[in-house]
Amino acid sequence: MADLSSKDVERAEFAFSIYDADGTNSIDAIDLGNVLYALNLNPTNATIEKLGGTKKRGEKIMKLDEFLPIFSQCKKDKEQGCFEDFVECLKLYDKQEDGTMLAAELSHTLLTLGERLTDAEVETVLKDCMDPEDDDGFIPYTPFLRRLCEREED
């Protein structure tokens with residue numbers, strides 16, 4: 001792949017190998033999103049499906065040489081959003097303009113907007129990334145987003 005550096009190819013091969021259960025240099029297409037997430041990309045479920053991902057195990061097998069162009073395309077995709085974009089979005093919920101928002105609003109947002117998360121996913125994200133609420137139920141959203149996006153900065 002001319003547009004992927006040798007380091008990118010090496011990282012892609014490693015991430016791909018983690019999901020290559022039988023050592024045949026192939027993965028089940030249901031794992032396409034997981035491999036891309038492991039490479040610090042955040043494609044939507046719709047994008048993953050459009051790129052060849054499947055919803056059921058055993059429907060399709062994908063070889064490494066098929067995956068590399070998908071990885072390259074996803075790296076170029078500008079619609080993923082970044083830390084700064086997410087901060088701007090959460091500023092809409094910062095009524096006091098002090099860098100905080102209600103934890104309940106954050107939870108509600110994750111459950112209802114964009115690619116909705118399940119209750120269990122929201123619980124995990126909040127547990128892993130959110131600071132404790134203050135006495136009024138507010139949390140600082142910038143540290144939350146930094147923890148959530150920190151793998152992108154590697």
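Residues numbered from 1 in each chain as written. Predicted model: local features only at pLDDT ≥ 70, side-chain atom pairs only at ≥ 80, totals over all residues. Heavy atoms only, no water.

The protein chain is annotated in an unreviewed UniProt entry as Myosin light chain alkali from Polistes dominula. Its UniProt record gives the protein chain a comment under Subunit (unreviewed entry), which states: "Myosin is a hexamer of 2 heavy chains and 4 light chains." (UniProt positions renumbered as here; feature names shortened; annotations may be inferred.)

### Observations concerning unusual backbone geometry
With a phi angle near 60 degrees, Asn25 is a residue other than glycine that sits in the positive phi range. Tracing the chain through its elements places Asn25 in the loop between helix 1 (6–19) and strand 1 (26–28). (Helix = DSSP H or I, 4+ residues; strand = E, 2+ residues; numbered from the N terminus.)

### Here's the deal with a negative patch on the surface
Taken together, Glu97, Asp98, Glu133, Asp134, Asp135 and Asp136 make up a surface patch of like negative charges. Inspection of the secondary structure puts Glu97 in the loop between helix 5 (83–91) and strand 3 (100–102). (Patch = residues over 30% accessible without salt bridge, like charges linked within 9 Å, V, L, I, M, F, W, Y side chains within 5 Å. Areas by Shrake-Rupley, 256 points an atom, 1.4 Å probe, with all protein chains shown as cover. Salt bridge = Lys/Arg side-chain N within 4 Å of Asp/Glu carboxyl O. Lys, Arg positive; Asp, Glu negative; His and termini not counted. Charge placed at Lys NZ, Arg CZ, Asp CG, Glu CD.)

### Let's talk about the nonpolar core
One recurring pattern in soluble globular proteins is that nonpolar side chains are buried together. If you look at the biggest cluster of nonpolar residues, it comprises 20 residues, and the most contacted ones within it are Leu32, Leu36, Leu39, Phe67 and Phe71. Looking at this core, the elements that each hand over two or more residues are helix 1, helix 2 (32–38) and helix 4 (64–76). A per-element tally of this core places helix 4 first, with 6 residues. Beyond its immediate stretch of four places on either side in the chain, Phe67 contacts Ala12, Phe16, Leu32, Val35, Leu36, Leu39 and Met62. (Core = buried A, V, L, I, M, F, W, Y, C linked by side-chain atoms within 4.5 Å. Buried < 20%, exposed > 50% of the residue type's maximum accessible area, 1.4 Å probe, protein only. Contact = heavy atoms within 4.5 Å.)

### Notes on helix 4
Taking 1.5 Å of rise per residue, 13 residues should cover 18 Å, and helix 4 covers 19 Å from first to last C-alpha, within 8% of that figure. For helix 4, the complete set of buried residues consists of Leu64, Phe67, Leu68, Ile70, Phe71, Ser72 and Cys74. Looking at the packing, one finds that the buried side of helix 4 touches helix 1, helix 2 and strand 2 (61–63). (Expected span 1.5 Å × (residues − 1).)

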